[in-house]
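# Examination of the molecular architecture
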Amino acid sequence: MKAIRRLTVRPVLPDPLRPLSDLARNLRWSWHPETRDLFQSVDPECWAASGRDPVRLLGTVPPGRLAELAEDRRFLRRLTAVADDLDHYMSGDRWYQARPGRLPAAVAYFSPEFGITAALPQYSGGLGILAGDHLKAASDLGVPLIGVGLLYRHGYFRQSLSRDGWQQEHYPVLDPHELPLALLKEADGTPAHVALALPGGRELRARIWLAQVGRVPLLLLDSDVEENDLGERGVTDRLYGGGSEHRLLQEMLLGIGGVRAVRTYCRLTGHDAPEVFHTNEGHAGFLGLERISELCDEGLEFGSALEAVRAGTVFTTHTPVPAGIDRFDRELVARHFGPGAELPRIDVERVLRLGMETYPGGEPNLFNMAVMGLRLAQRANGVSLLHGGVSREMFAGLWPGFDADEVPITSVTNGVHAPTWVAPEVFRLGARQIGAQRAEDALTLGGSDRWDSVADIPDQDIWELRRTLREQLVEEVRERLRASWRQRGAGTAELGWIDDVLDPDVLTIGFARRVPSYKRLTLMLRDRDRLMDLLLHAERPIQIVVAGKAHPADDGGKRLVQELVRFADDPRVRHRIVFLPDYGMAMAQKLYPGCDIWLNNPLRPLEACGTSGMKAALNGCLNLSVLDGWWDEWFQPDFGWAIPTADGAGTDPDRRDAIEASALYDLLEQRITPRFYERGASGLPDRWIEMVRRTLSLLGPKVLAGRMVREYVERLYTPAAEAHRAMDPDSARALAEWKDRVRAAWPGVSVDHVETSAAGATAELGSTLGLRVRVNLGDLAPDDVEVQAVSGRVDSEDRITDAATVPLKPVGGPDLEGRWAYEGPLALDRTGPFGYTVRILPAHRLLASGAEAGLVAVPSDDVLQAAGLLMR
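Keep in mind it's a predicted model, so treat the numbers as computed, not measured. (Residues numbered from 1 in each chain as written. Predicted model: local features only at pLDDT ≥ 70, side-chain atom pairs only at ≥ 80, totals over all residues. Heavy atoms only, no water.)

Attention now moves to the overall build of the protein chain. For the protein chain, the helix and strand inventory stands at 30 helices and 28 strands. Relative to its length of 872 residues, the protein chain is compact, with a C-alpha radius of gyration of 29 Å against a globular reference of 29 Å. With the C-alpha coordinates aligned to their principal axes, the bounding extent of the protein chain is approximately 95 × 70 × 50 Å. Buried positions account for 57% of the 872 residues belonging to the protein chain. Averaging the coordinates of the 101 positive side-chain charges in the protein chain and doing the same for the 123 negative ones gives two points 4 Å apart. (Helix = DSSP H or I, 4+ residues; strand = E, 2+ residues; numbered from the N terminus. Rg over C-alpha atoms; globule rule 2.2 N^0.38 Å. Buried < 20%, exposed > 50% of the residue type's maximum accessible area, 1.4 Å probe, protein only. Lys, Arg positive; Asp, Glu negative; His and termini not counted. Charge placed at Lys NZ, Arg CZ, Asp CG, Glu CD.)

If you look at soluble globular proteins, the nonpolar side chains tend to sit buried side by side. M524, I544, I597, L624, W641, I672 and W688 are the most contacted members of the largest nonpolar core, which has 106 residues in total. Here W688 is in contact with W463, L507, D596, I597, L622, W641, I672, R675 and F676, once residues within four sequence places are set aside. If you look at the next biggest cluster of nonpolar residues, it comprises 99 residues, including F157, Y240, V262 and A284. (Core = buried A, V, L, I, M, F, W, Y, C linked by side-chain atoms within 4.5 Å. Contact = heavy atoms within 4.5 Å.)

The next thing to look at is unusual backbone geometry. Of note, the amide linkage connecting R604 to P605 takes the cis form, showing an omega dihedral of 5°. With respect to the helices, strands and loops of the structure, P605 is situated in the loop between β18 (597-600) and α24 (612-617). Backbone geometry at R520 places phi at a positive 55°, although glycine is not the residue there. For R520, a relative accessible area of 5% puts it in the buried group. Positive phi values are uncommon outside glycine, yet D582 reaches one of about 65°. Mapped onto the secondary structure, D582 falls in the loop between β17 (577-580) and α23 (585-594).

Moving on: the packing of aromatic side chains. All chains considered together, the criterion is met by 20 aromatic pairs. Of the aromatic side chains, those joined through ring pairs into one cluster are W463, W641, F676, Y677 and W688. Positioned above the aromatic ring of W421, the side-chain terminus of K615 is 4.8 Å from the ring centre. (Phe/Tyr/Trp six-rings, centres within 6.5 Å; stacked < 30°, edge-to-face > 60°. Lys NZ or Arg CZ within 6 Å of the ring centre and 35° of its normal.)

This part covers the sheet that holds strand β26 (residues 819-827). Each strand in a sheet pairs with its neighbour through backbone hydrogen bonds, running either in the same direction (parallel) or in the opposite one (antiparallel). The strand order β21-β22-β26-β25 describes an open sheet built from four strands, whose pairing is antiparallel. The two strands at the open ends of the sheet, each matched to only one other strand, are β21 (750-756) and β25 (809-811). The mean inter-strand angle of the sheet, taken between neighbouring strand axes irrespective of direction, is 30°. Inspection of the sheet shows β25 paired to β26 by three bridges, in the antiparallel sense. Paired with V811 across the strands is A821, a residue of β26. (Pairing = 2+ DSSP bridges. Axes fitted to C-alpha atoms, helices over the stretch in contact; angles between N-to-C directions.)

Next up on the list: the pattern of salt bridges. Taken as a whole, this structure holds 67 salt bridges when the rule is applied. Here R428 ties to E425 by a salt bridge, and the two come within 3.9 Å at their closest N and O atoms. Here R428 pairs with E425, and both are found in helix α17 (residues 424-434), just three residues apart, close to one helical turn. Among the ionic pairs, D499 bridges to R482, the shortest N-O distance being 2.6 Å. (Salt bridge = Lys/Arg side-chain N within 4 Å of Asp/Glu carboxyl O.)

This next bit is on the pairing of β17. Burial along β17 is two-sided: the face carrying I577 and F579 and the face carrying V578 and L580 are both buried. Where strand β16 (residues 542-547) meets β17, four bridges bridge the pair, whose relative direction is parallel. Counterpart to I544 in the pairing with β17 is I577. The β-α-β motif built from β16, the intervening helix α22 (residues 555-568) and the parallel element β17 has right-handed crossover chirality. (Right-handed = clockwise from strand over helix to strand, strands pointing away.)

The next point concerns the sheet that holds β17. In spatial order, the strands read β17-β16-β15-β18-β19-β20; together these six strands make up an open sheet with parallel pairing. Across the chains shown, the open sheet's two edge strands, defined by having one partner strand only, are β17 and β20 (640-643). Across this sheet, the average inter-strand angle for adjacent strands is 20°, counted without regard to direction. Sheet topology note: the β18/strand β19 (residues 622-626) ladder contains four bridges and is parallel. If you follow I597 over to β19, its bridge partner there is L622. The strands that helix α27 (residues 686-699) touches are β15 (507-512), β18, β19 and β20; relative to β19, the one it contacts most, it runs at about 80°.

Another aspect to go through is helix α15 (residues 385-394). For α15, the complete set of buried residues consists of L386, H387, G388, V390, S391 and R392. In this structure, the buried residues of α15 make contact with β13 (379-382), β14 (410-411) and α25 (629-634).

Here the focus is helix α6 (residues 73-91). The end-to-end C-alpha separation of α6 is 27 Å, in line with the 27 Å expected for 19 residues at 1.5 Å each. The set of residues buried in α6 consists of F75, L79, V82, L86 and Y89. One side of α6 carries all its buried residues, which in axial view fall inside an arc of 90°. Projecting away from the buried face of α6 at angles above 90 degrees are the exposed residues R73, R74, R77, D87, H88 and S91. Considering only its buried residues, α6 is in contact with α1 (19-25), α2 (33-42), α5 (63-70) and α7 (126-141). (Expected span 1.5 Å × (residues − 1). Arc of directions from axis to C-beta.)

Turning our attention to the side chain of N368. Turning to its location among the elements, N368 is positioned in strand β12 (residues 366-368). Side-chain polar atoms of N368 contact the side chain of E357, separated by 2.9 Å. From its side chain, N368 meets the backbone nitrogen of V371 in a polar contact 2.9 Å long. Ignoring anything within four residues of it in the chain, the contact list for N368 reads I325, D326, R327, G355, E357 and Y359. (Polar contact = N/O pair within 3.5 Å; in protein donor to acceptor, adjacent residues only side chain to side chain.)

Bringing the environment of P637 into the picture now. Along the chain, P637 falls in the loop between α25 and β20. Note on P637: relative accessible area 57%, which makes it exposed. In this structure the C-alpha to C-alpha distance between P637 and V754, which are 117 residues apart in sequence, comes to 49 Å.

Two numbers describe how helix α10 (residues 287-297) lies on helix α11 (residues 302-311): the axes approach to 9 Å, and their chain directions differ by 125°. Between α10 and α11, the angle is such that the two are oblique. Read as a crossing pair, α10 and α11 show a hand that is right-handed. Residue-level contacts link G288, R291, I292, L295 and C296 of α10 to F302, A305, L306, A308 and V309 of α11. When its residues are assigned to classes, the contact of α10 with α11 shows eight nonpolar, one polar and one charged. (Parallel < 35°, antiparallel > 145°, perpendicular 65-115°, else oblique. Left-handed = near helix turned anticlockwise from the far one by under 90°. Nonpolar A, V, L, I, M, F, W, Y, C, P; charged D, E, K, R; others polar.)

Where helix α26 (residues 653-677) contacts α27, the two axes come as close as 6 Å, and the packing angle between them is 105°. Here α26 is positioned roughly perpendicular relative to α27, judged by the angle of their axes. Along its contact with α26, which presents I672, R675 and F676, the element α27 presents R687, W688 and M691. Grouping the constituent residues of the contact of α26 with α27 by class yields four nonpolar, no polar and two charged.

Further remarks concern the pairing of strand β22 (residues 768-776). Alternating residues of β22 divide into L769, L771, V773 and V775, all buried, and T768, G770, R772, R774 and N776, none buried. Relative to β22, β21 runs antiparallel, the two sharing six bridges. When the sheet's bridge partners are listed, V754 is paired in β22 with V773. Here nine bridges tie β22 to β26, and the two strands are oriented antiparallel to one another. Each residue of the ladder has a partner; that of T768, found in β26, is A827.

Set out below in C-alpha cells:
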C-alpha cells in the first residue's frame, strides 16, 4: 500500500546528547574527520546504512542505543570535545580576521549549484563542486561569505545502466526535512518567503532553506510551496532541466529572489549586509537588476544605480565556448520584465540592452546571460590562466577597439578544498610527519614550508600508502560494480567474475567527469588493439576505472557512455577496465586517492580548469593530461605527463583524435608503465615515488581552494568593496553623467598628428625618443581623457605584441583650432622590430580599467602613414 502522506519523525535526543543535533546540522562534519568518527561510533551499522549522513543516522538509531550513549562517559567526553571544537571554529579569529585594512563586511556568492556533500545532492559537476569548495575554504579562512542557490527537489539525476549499457536517469524526490537544512523563519515563527511577480498577475513564491557550511550560511530557495500553482511549484524541480522559460524562471529566482533572500536573512539574523556580490557563472546575473531596482527605489536614476551596482560586483565565467552560455529569446525576457511583471520601475529596453549581443558576430535577438553578467560587473575573471585568455578572446566584442589581452577579464585559477578531498590515510601520514595542527594548516592555508616536509617521508611509507589506497579502491569498485550489474538485471550466479576485477598491485588509471563530447570519454578506445595490449600486458599491465554522466538530453553523450560500457563488458578485459555509474562526491572521494594516474584528454582549450586532477594530485596521484586548464599553467615533467595536442588549423577533428590518442598510447607504453614497474636497489619504484613526492610538495600548495579564496579576497573582493564604498549616490550620479557626456562627445575625439625625434628606422637599445602628438578632444577636456603611447615588439603584420603603455602629458592650452598638444618620452627597451602608436582613452578616478568604458580613439590611416615608424 502507498502512503497518502509522508512525514519526517525526528528523534528526541536525551539531554546529554543534544549537541549531536547541532553537529549534524553544521556541514563542517563533511570535512572534519573527528566529527565523522564520532557519528560512526554512535552506531557503525546505522552509519554505513545512512550513507554516512549524520541527519539520517540520528533518525535511525534505536532509542535504546541513544539511552546507552547518554550514560557513556567516554562518549560524552568525546562529544564535548568535538562540540567545543566546533564552537571555537565558529567564533574564533581566522586568516581573514588577521588581515590588515578594511576588508568587505560580507560577500554574497551566487551559484546555480553547490556540491557540499553527497548528503545534500545539489550539484551536477565541476561548477557545483567548485562552488561548494569555495564556501568551505571561505569558512576555514573566516571569510564572511553568504552562499545563495536553489533547492532542487530532484537534484540533478541518479544514473544507472540498462543491460545493453544505455544510460538510465532516475529522479528521486528529496525531502528537505530529511536533509541537513533548516527553514529560515520570521520572528513570529512563520517561514520566511520571497516572491517574484509573473506576467498576468501571477506570483512565484519560494521558501528559504538554510544549510550551515561551517561558518558560511548557504541560502537555498524552494518554489515547491502550497501558495504556488502547479507550474510555479515545479520551477525548482530539477537542476538544468526544462525548457527555456523554465530555465529563465530558475535564473530569475536565483538572481532576483536570491538578493531578496539575502536581505531577509540579514534582517532576521543581524548578519552584515554584503558589500560585494559574486556571480558564479551567468545563471545568477539577474541579481544585478534587483540591486539596481533597490537603488532606484531609493531615488537613483537607472544609469547611476547601474554604476553603483557594477562597482561592488564580481563575475566569474567558467565556459570556454559560446554554446555553454544560457541565451534566451528577446521576447521571452521582455515578457517577464516591466509593467505587469517583475521590476516594473525599470524600462524593459534597459533590461534588454544589458544582455543583447550587440557586437560583430552576435545574434541581436538573443539575450546572453554571460554578456549581462559582464556588463553588470566591474570585475570579471576566468578560472585558469589559459581560460582567462580564452575568455578575453571570446568576449572581446564587448570592448571594440581593444586588443584581446586588454579586455578587462583577469583569471583566478580554481582550487580544491583539501580537507574534503584528501584521504584520511594521506592526512595521517602528513600529521605523523609534521603534527596534526601543521598538517591541517597545510591543507587550509597552504605555504610551501609545510609541504616541503613531504621530502622527509620514507619511500617505504609512501609506497605502502599508495598500495593501501589502491586496495581500498579495488574493494569499492567491486562493490559498486556488483550493485550496477544487479540493476542491469544480472543474477548473483552470473557475477562471480567480479571477485577478480582489478588488482591492487596493477597501475591504476582514473577517468571521471561529465560526458560532453569535448571531454572525449572514448579517446582511449581509438585503437582498441593497442588498449587491449596495455590492459593485458604480461609484465606491465594497466587497469582503468571510468565514471561519468551524460546530460539527460544529450544522446550523443549517452552513446559515448554506451560505447565505453560495451568495451568494458568484454569478458577479455572486464577485469581490467570498469565503468561505474552514478558518479558523485561519495564515489569521487574513493576514486581520486586510489588511482596512480589521473587521465584528462579534452579538446584544448575547451577545459576551463579541470579540478578533478587537482583532487587526485593532493592524494599523490600523478596527472596525465592534455595541456589545458590548470595543467597548462602548472605542468612540470617532475610530477606528470603532458599529452601532445594536434590543434593546428589544418587538422580535422578525426585526424586530431587519432594523433592525440596515439600520443596517449605512446606515453603509457614507453614512459609511464616502465617507470611504475621499474624497481630500484631498494626493491621499490623509487623514480615513481619521487614523482609522487614532488606532486605533493610542489603542486599541493598551489591547488588549494584556500589559495584560490585568498586570491579572490585580495585581488577582487577587497578592490570591489573599496569601489562600492567610493560609489555613494553623488559619486554614482556624477560617474553616470560623465559617461553619458563622454559617449556623446566621443565621435569628436581624434588623434590628428604624431611626430617623433627619431631620425630614421633604426635606433639603439636604451635610447629614448621624444614623442609629440596633437589631438582633438571635441567637447571634452584633458581631465576627461588619457593620451597614451603604446609600444612594443611588432610581428610580421606590424601588430604590437607584449605592449607597454606610457601616458603623455598635455603641453599648454588648445591651439586656435582647439587641438591639444601632448608630449612624452618613448623608451626603446627591447631589441628587434619595434613599433609604437598613440591612442586616447576616457579617464576617471572611478573606472577600474582604461578599457571599462569600451571607448578608444586611435590615429587614422592617413596619420599613421605620415608618422608611423617601425624601428628595426
